[in-house]
Structures are given as C-alpha cells and as structure tokens.
Amino acid sequence: MQIEKVYEPQRFEPHWAQWWIDSGIFRAGRGPASRSSGRVFSLVIPPPNVTGSLHIGHMLEHTEIDVTVRWRRMLGDNTLWLPGTDHAGIATQMVVARKLAEEGINYRDLGREEFEKRVWEWKAQSGDTIKHQMVQLGASCDWSRERFTLDPGLSRAVREVFVRLHEKGLIYRGEYMVNWCPSCHTAISDLEVAHADVQGHMWHIRYPVNGLGGRTVTVATTRPETMLGDTAVAIHPKDQRYLGLHGRTVQLPLMDREIPVVLDELADPEFGTGVVKVTPAHDANDFEAGRRHGLPKIQVIDENGRMTAAAGPYASLDRFEARRRVLVDLESQGLLAKVEDYPLSLGKCARCSTPVEPLVSTQWFVKTKPLAEKAIEAVESGRIVFIPANWTKTYYEWMYNIRDWCISRQLWWGHRIPAWHCQECREIVVAREKPATCPRCGASHLVQDPDVLDTWFSSGLWPFSTLGWPDQTEDLATYYPTSLLITGFDILFFWVARMAMLGIEFMGDVPFRQVYIHGLVRDAERQKMSKTRGNVIDPLVVTVKHGTDAVRMALLQGAAPGTDIVLTEERMESSRAFANKIWNAARFLFLNMERSAVEPWVPESLERFLPEADTGTLEVPVEDRWIFSRLNACAEEVNRAIESYRYHDAAQGLWAFFWHEFCDWYIELKKQRFRENSGLDAGWRNTLAAFETALRLLHPAMPFLTEELWQRLATDRATRPVSIAVAPYPQYRQQVTDYEAEREIGILRDIVTMARTLRTENQLDPRQQLEGVLYSRNSALQVAQRHAAAIQKLANVKLEFKAEAAPKSPAMRSTAQFDLVLQVPEAQQEAQRKRVEKEKDQLGKSIANLRRQLEDDAFLAKAPAKVVESMRQKLADYDAQLLKL
Ligand SMILES: [Zn+2]
Ligand SMILES: [Zn+2]
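Residues numbered from 1 in each chain as written. Chains lettered and ligands numbered in written order. Predicted model: local features only at pLDDT ≥ 70, side-chain atom pairs only at ≥ 80, totals over all residues. Heavy atoms only, no water.

A.B. asks: What's the story with the sheet that holds strand E20 (residues 446–448) in this structure? I'm lost.
C.D. replies: What links the strands of a sheet is backbone hydrogen bonding, and the strands pair in either a parallel or an antiparallel sense. With antiparallel pairing, the three strands of this open sheet are ordered in space as E19-E18-E20. Edge positions in the sheet fall to strand E19 (428–430) and E20, since each of these pairs with one other strand and no more. When the angles between neighbouring strand axes are averaged without regard to direction, this sheet yields 30°. Across three bridges, the pairing between strand E18 (residues 419–422) and E19 is antiparallel. Across the sheet, residue Trp420 finds its bridge partner in E19, namely Val429. (Pairing = 2+ DSSP bridges. Helix = DSSP H or I, 4+ residues; strand = E, 2+ residues; numbered from the N terminus. Axes fitted to C-alpha atoms, helices over the stretch in contact; angles between N-to-C directions.)

A.B. asks: I'm lost on the coordination of the zinc ion (ligand 1) in this one. Help?
C.D. replies: Octahedral six-donor coordination of a metal ideally yields angles of 90 or 180 degrees, compared with 109.5 degrees for tetrahedral four-donor coordination. Listed as protein donors to the zinc ion (ligand 1) are Cys181 (SG), Cys184 (SG), Cys349 (SG) and Cys352 (SG); their distances from the metal cover 2.2 to 2.4 Å. One can describe the donor arrangement at the zinc ion (ligand 1) as tetrahedral, given that its four donor atoms subtend angles of 105 to 113° at the metal. On the basis of relative accessibility, which here comes to 0%, the residue Cys181 falls in the buried class. Judged by its relative accessible area of 2%, Cys349 falls in the buried class. (Donors = N, O, S within 2.8 Å, 3.2 Å for Na, K, Ca; no water. Tetrahedral: all angles 85-135°; square planar, octahedral: opposite > 155°, others 65-115°. Buried < 20%, exposed > 50% of the residue type's maximum accessible area, 1.4 Å probe, protein only.)

A.B. asks: Sorry if this is basic, but what is going on with unusual backbone geometry here?
C.D. replies: Keep in mind that most residues, glycine aside, have a negative phi and that most peptide bonds are trans. A cis amide bond links Trp469 with the next residue in sequence, Pro470, at an omega value of 10°. Relative to the elements of secondary structure, Pro470 occurs in the loop between helix H13 (462–465) and helix H14 (474–479). The peptide bond linking Tyr480 to Pro481 adopts the cis configuration, its omega dihedral lying at -5°. On the secondary structure map, Pro481 appears in the loop between H14 and strand E22 (482–488). Here the phi dihedral of Asp256 falls at roughly 50°; this positive angle occurs in a residue that is not glycine. Within the secondary structure, Asp256 sits in the loop between strand E10 (249–252) and strand E11 (257–263). Overall, the relative accessible area of 63% leaves Asp256 in the exposed class. Positive phi outside glycine occurs at Arg426, with the angle close to 70°. Assignment of secondary structure puts Arg426 in the loop between E18 and E19.

A.B. asks: Honestly, the packing of helix H27 (residues 826–854) against helix H29 (residues 865–884) in this entry has me stumped. Any pointers?
C.D. replies: To characterise two packed helices, one gives the angle between the axes of the helices and the distance between these axes. Where H27 meets H29, the closest approach of the two axes is 10 Å, and the angle between their N-to-C directions is 150°. The angle between the axes of H27 and H29 places the two elements in the roughly antiparallel class. Handedness of the H27/H29 crossing: left-handed. Contacts between H27 and H29 involve Lys840, Leu843, Ser846, Ile847, Leu850, Arg851, Gln853 and Leu854 on the former and, on the latter, Val868, Met871, Arg872, Lys874, Leu875, Tyr878, Asp879, Gln881 and Leu882. Of the residues assigned to the contact of H27 with H29, the class counts are nine nonpolar, three polar and five charged. (Parallel < 35°, antiparallel > 145°, perpendicular 65-115°, else oblique. Left-handed = near helix turned anticlockwise from the far one by under 90°. Contact = heavy atoms within 4.5 Å. Nonpolar A, V, L, I, M, F, W, Y, C, P; charged D, E, K, R; others polar.)

A.B. asks: It is not clear to me how the coordination of the zinc ion (ligand 2) should be interpreted in this structure. Could you clarify?
C.D. replies: Those donors, Cys422 (SG), Cys425 (SG), Cys438 (SG) and Cys441 (SG), are the protein atoms that reach the zinc ion (ligand 2), and they lie 2.2 to 2.4 Å from it. One way to put it: the four donor atoms around the zinc ion (ligand 2) meet at angles of 102 to 114°, and that makes the site tetrahedral. Donor residues binding the zinc ion (ligand 2) come from one chain and are separated in sequence as C-x2-C-x12-C-x2-C. Of this pair, Cys425 sits in the loop between E18 and E19 while Cys438 is found in the loop between E19 and E20, placing the two residues 13 residues apart along the sequence.

A.B. asks: For this particular structure, what's the right way to read the nonpolar core?
C.D. replies: Nonpolar side chains in soluble globular proteins generally cluster together in the buried interior. Within the largest apolar cluster, 189 residues are counted, with the highest numbers of intra-cluster contacts made by Phe457, Phe662, Phe691 and Leu709. Tyr207, Val217, Tyr242 and Val326 belong to the second-largest nonpolar core, a separate cluster that totals 32 residues. (Core = buried A, V, L, I, M, F, W, Y, C linked by side-chain atoms within 4.5 Å.)

A.B. asks: Is there a simple way to explain the pairing of strand E2 (residues 78–82) in this structure?
C.D. replies: Remark: a regular strand shows side chains that alternate across the two faces of the sheet. Counted residue by residue, E2 has five buried out of five residues, so it is predominantly covered. With burial as the criterion, each face of E2 is covered, one bearing Asn78, Leu80 and Leu82 and the other bearing Thr79 and Trp81. Where strand E1 (residues 40–44) meets E2, five bridges bridge the pair, whose relative direction is parallel. Looking at the pairing, Leu43 lines up with Trp81 of E2.

A.B. asks: How should I be thinking about the side chain of Glu744 in this particular structure?
C.D. replies: With respect to the helices and strands, the residue Glu744 is situated in helix H24 (residues 739–761). The class for Glu744 is buried, based on a relative accessible area of 8%. One polar contact links Glu744 to Arg786, side chain to side chain, over a distance of 2.8 Å. The contacts of Glu744, once residues within four sequence positions are left out, are Val622, Val783, Arg786 and His787. (Polar contact = N/O pair within 3.5 Å; in protein donor to acceptor, adjacent residues only side chain to side chain.)

A.B. asks: Would you take a moment to explain the environment of Leu820 for this structure?
C.D. replies: Structurally, Leu820 is set in strand E29 (residues 819–823). With 19 residues separating them along the chain, Leu820 and Phe801 place their C-alpha atoms 9.6 Å apart. Setting aside residues no more than four positions away along its own chain, Leu820 makes contact with Ile751, Met754, Ala755, Leu758, Val773, Leu774, Leu799, Ala811, Met812 and Arg813.

Structure follows, in structure tokens:
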C-alpha cells in the first residue's frame, strides 16, 4: 500500500505500456482475457506512413480510437483494433533517396533491385518509429495482427484485386493528362500537388488569320512556351465578334504551322479576347477539347521538363529557358500584343517544390463509375453512416462527379503492376504470376510493367486484406465488416471512398458501418499548427512533461463532433492537476486502508454495492448512497457520450464527478465519518468500491493512472481480472439511483457553500470558527441537524437550528429550503465597521473631486468628449459602490 506523495506519471507509464503488450490482453479473440464469442467490435487503424513519426493529429485520432476500443473491450465485446503502416510509395522513396544522396549516392545508379533492398533495410531500422511511439502512448492495438501494406499477404491481395478488376474490364490502359513532376519523375496525384499563389504574367500573342490579308487574332496565355504545341485556336460558337472566323485557319507563329479555328465552349467570350489557344498535350482542359474535335496532341515538353524535337528550333531547351526565347522571338516579330501582371495558382510538387507539368502519358486506370454507384447506394441505404452527418453530402458530391482513377506511378517503391509486356508482339498480359510465354505469340521474352500502383490502391483494400483476404480466414469471417472507422476529413476521398468501393466490390459488403470524422488540433488562437508558425505541439514532449493521461484528457475535453480541438498548455496543466487530485484521493484511501486493515475487493458492477445496503445489519451512510447514485448517473452519461462520439461530454462528466463530487465532497465527508467512528463500518468498503468503480469508468480516458491505482487497490489476485482494461465497464442501474440521498447531500452542500460565501463576503479569516443559525420550517432542518458535525468541520461554522422564520440580517443566505444567518463576531464587526467607514470616506472624496471637475465649464470646454464620458461613468460606479457600503 505504499504510495508516493506526488503524481509522477513517468514513474509508471512506461511500465504499463510494456506490460499491456506482454500480458497479451489486447489480442482479439485469443488473448488471455479476451472473448472469442459474443458481440464483435472491430476497427482498423488509418495506417500511418512508414516514414512517419507521431504528431498531435495522430495522437488525437489514436486517443479517440483508444477510448472507444477500450470501452468496447470493457463492455465485453470481442474487440479488435488492428494496427499497421502504409508503405507510402513516393514519400518513402523520397526519404531513402535523400538519405542516399547524403552519402553521395544517386539512387538511380543503384538500379531498381538494389534500391528496393536499401528501402527495406531502411524500413527495418527506422520504419517502426511510429509503432514504438504508439506503444509508449498506450494505444490498445492488437500488435500480434500488425500489418504493412507491402507484406506478402497484402501484396497477394493487391495482385488478386488488380487481375479481377482487369478481367471485369474495370482496369484499362489509356492516355490521360496527369500531373507530372519532372524532378521526381512520376505522375503525382492531385493530393500531392501543392498550390502556391504567385505573381505571374498574362502574355497576349497575335496569330495571323489565313486568307484575311493581315488580320490577326489575339490569344492570352500564362505559359507561352506551350504555344509550340498548339493544334488549334478556339472561339465560342455564339461569339458574334468572330463569326467571320468560322471554318478558317490561323498560322501558328514561330512554328509556321497552319492550325484550325474550332468552335468550342472552352472559349469564354467574357474572358480576355474570347479566343483561346488549344494545346491538347499540355493542359487538362485542352486535352478534353482536343478529344472533342479530334485534334492531334503534339508533346513539346518531355518528362525531364525539356523541350522535345517537336518544339523545332527550341528542342532540348529547359522549359523555362524556352519560354524566355519564345517571348524574345515573338517580340522581335511584333507578335507580342501586350503583357500584364497576372496572379496565378502555381501547382508544385508537394515533395520537391518543382512546378508540376501537365503531361499526356499512358497510364493504368480504374473505371470508377460502376464501383462508385454501389458505394453511393451503401450510404443512401444507411449501411455506411457518416458522423457528423454533413460529411455525407461531401461524399456524394465527390462520388457523383468521380473521374477514372489513375493508379500507375513511375516509382520503384510500391506494388509493381502485375502486367507483362511481350517483347515480340507487344501484347500486354495481366496475371497473378509472371507468365512463362506470351499467350498470343508464344514468345518467352516478357518484361514486367515498370510502374507501381498508387499507394491508395493497397490501402483501399486495408479492411479486408489485413484480415487475410483472398483466403477465407476466420478473422475475415469474424471481423469483417469492421464496426467503425475514425479518420480525418482530408482523406475522405482518397481513402474512405476507395475502401467503400473496393470493399463492396470484393467482399460484397461495406468495409465499415460507421465513419467518424474527427477535427483538427489547433493552438490557443485557433490557428492551425505548422512548422512555419512555430506553434506545433509535439506529443512526445508534452506527454513526458504532463503525463500521457493528462494530454489525452486535454484533447478529449475539446473533442466535440464537428469542431476543431483547441489544445493549450493551460489545458494540459489543468488536466495534470486533475490527475493529481485523483492521486491524492487514492493516497487518502490507501493510507486509511492500511491503518484499518480493510480487505479491498472488486465488485463486478454497481449492483454489487446494494447487498451492503440491503443486509440491514449496518446502517449505510447517506454519503455512500449519494456517491453511488452520482456514480450511477455519471456511468449513464459517459456510456452514452462515448457511444455517440461526444468525447468532450464523457471527459467533462468524468471530470465533474471526480473533482467536484468525489474529491471535493465525498472524500471530505468520509474524513469526517472516520473521525467520528474510527473508520470501520460498512461505508469503508463502500468507499473503496465507489473508488474502484470510478476508476473503471475513467479508464478509457486515462488508462495509465487508472491501471496504476487499480492494481494497487485490488489485492484479490485470484478472482479479479488481470487488468482494469479487461474489467467490466460500469453500467447504469436504475435501482442504484437514490433521490433521497441526493437531496440530503444537496442540502448539506448548499449550507457549506453558503457559509463559505458569507465568510468570504465579510472578509473573515477561514481559520476562525463562527457561529450561525439555520432557519427552516421543513425537513431540511433535520437533515442539517444530522450533519451538524460535518458542517462544522467543512465550513468551520457551529450552527444552531430553529424551526421558525429567519429575522432580517445582513449576513444571510437563503434557499427554498432554509435561511442561513452567520453571526459576525463583535470584534470583527467593529473592525469591519471601521474598514467600511474608511472606504466610504475615500470614496466620498473621489466623488466630490469628480463632481467638481464635471461642473467646471472651463474644463468641460477643452476636455475631449471621451474623457468626460469616462468620468461620468466612473462617477456613477462610485455612487453605486457608496450605496452598497
Ligand atoms: Zn517532385
Ligand atoms: Zn507476344
């Protein structure tokens, strides 16, 4: 029963973090304390990038998940939280490439195989950072089921899905406009493009019209070098100004190429001159327009950002140098009409900041429409529910406007596309394993497609690939569909929607039943946290400083659905004070247990207290009946709150119970009870039971502190659960509610609180015992009389009790139940009278002063109105104060 004086979480948090894992209690269905039957609760982690380390957003996400998972486990569900990491194609390739560059090695020189080997080596060394951090922070994952998106099993699932989608005609190869990074040498997703607002230019270029003797049209562009690849100019079909151009051609300057004028809504009559150039190979909108009109695509910029042979005299120049030369040449030929400053949103590669080049290339695509239809239906029919519900609309908007998904990436790190190119006949064979010969020509020289899959392709399979699919495993049968997904809104499309599409397609059922979208963690000024602002909170620093439980509690207190979470140093400090408060309560209990040699025990539920009350052999103290009743109400509130993701309500309910009921009142009343009858009564067992139950209620929110105290409390090691984490979660029981006890303690609290207020108002020393009278003509009088000793101790007031109406008194407070009058001692009254007289005197002088100035016309004439107004206000305040005194 030894307990340290001060709450020092660092002393026990690392121990429990490791013990939880060693004990195996988080292993779903096969752990020593887990259920393999009954209700199932399963959840897969949004797999953090293998390159990642924990940031505060992860900590919020993992805390919310952990609260729900721990709660479910304590409810007795067969509970699985499946952890793992994502191989994160481009992110990881960049990290390792950079590391090699520091050693003076260009990764391309190593060759693909050797490079992949280096990445695996890197993963073995540094890839587990985030796992270790999660363990440290007490995430109750089943680490025996940890997965990595490039595991052999998951890779097999990826190939299987690819082949089946291809067989169904839902995967195809095609030309498409992609975001290309000339430096990273790969197509990148929209998510990987960072848009920067920059000051650019709009160049107006004249194109001579053929057959109209010297007439020109002017087009405007922010990227003049792309004109070398123009294959048309477009005008709006209804633009009255250009009716004369219908059916004509223009001469492309510098290239001396004749190109048609096409009628297309790409040209906006309101914008610029109403004539636009069409470059199908270098602009996404032009690409579509080119398709509509059957225009050729002339690629003038290559994968390295250099001009191609098709750029004629500009071939092999860097794209920015080519821009400069094009402008010089246009200028010298008098074809540059004007230049304007023009703000533009420049797309840059999020990894290396190189301006992205839209390029047409041959890529692999998933035809998403048929998949999306089923995923929309799943939400419409309520089989997938978004919380907060407003995300449903966002989901629909995206799904209804879905475009085909470009899944190939020109990287080395990732799932290589299971397609082989016949070197003889150019046949492309999609297969689960490398085919021995070409099915078309029989040749045996087949080369695998060099591209890898978009990293979201494998994470889209995560809810079923991690459970063993394509094998029909027991895990898959038990834990799919998962019950819940908790994630951020930023990957709603990239990840959540794809899991919905692929889960329904391959499992015939939704991957999760509920999706809870959490908010962002912001600083005290509600600013987003960022390295540049310097306001980033590092979870590993603050958890060491304040304790993991305190940081969790601080996060949970702000975690209301649909709002962002403000995390401040003050909030973490006060959460630590909260933990300390509980620690001190435990200390009091432990020291008394030791003194009175009481056997603690663990009741299974709140119900177990009742026999103590029912035996009738011992009177159950009213404060015990009260604390059970309050605990019961708290249990009801917290269960409901966690169930509906109102983590903030759960945190606040627990806080209010522990601090304002258990510590501030119950423990204080108990101290009084122990003084009265030297400790040993039925109430003592009840006290421990109430504390033990309250710890279980708090456990999901503050797992370390509660485990530490619970393990010390429960000595009956033979029959109790091994850990509080697998002990039953307290549930509301109607029969525990005790309104009579609540009323009685309510009256007691009112009396003590009022006595304290009166004392403060009269500026009386708290150490000085006062006398008072409690007047009441109902049962509150008997209640107060019963608790006279406690009131005397808690408020330091000795009361007299009178069943009559109270006389008028300055030191009185009233409720509907009673009037409380404090007798201010004679000496105190005299001192107080003097103090008041002195204050009145000073106030009187100030008032006179103000009056004099405000009646002085000369002063009023030159004083600013603001000053006069504030003096008038001050005068009114002083008058009011004087009246009060
Ligand atoms: Zn890049
Ligand atoms: Zn062939």
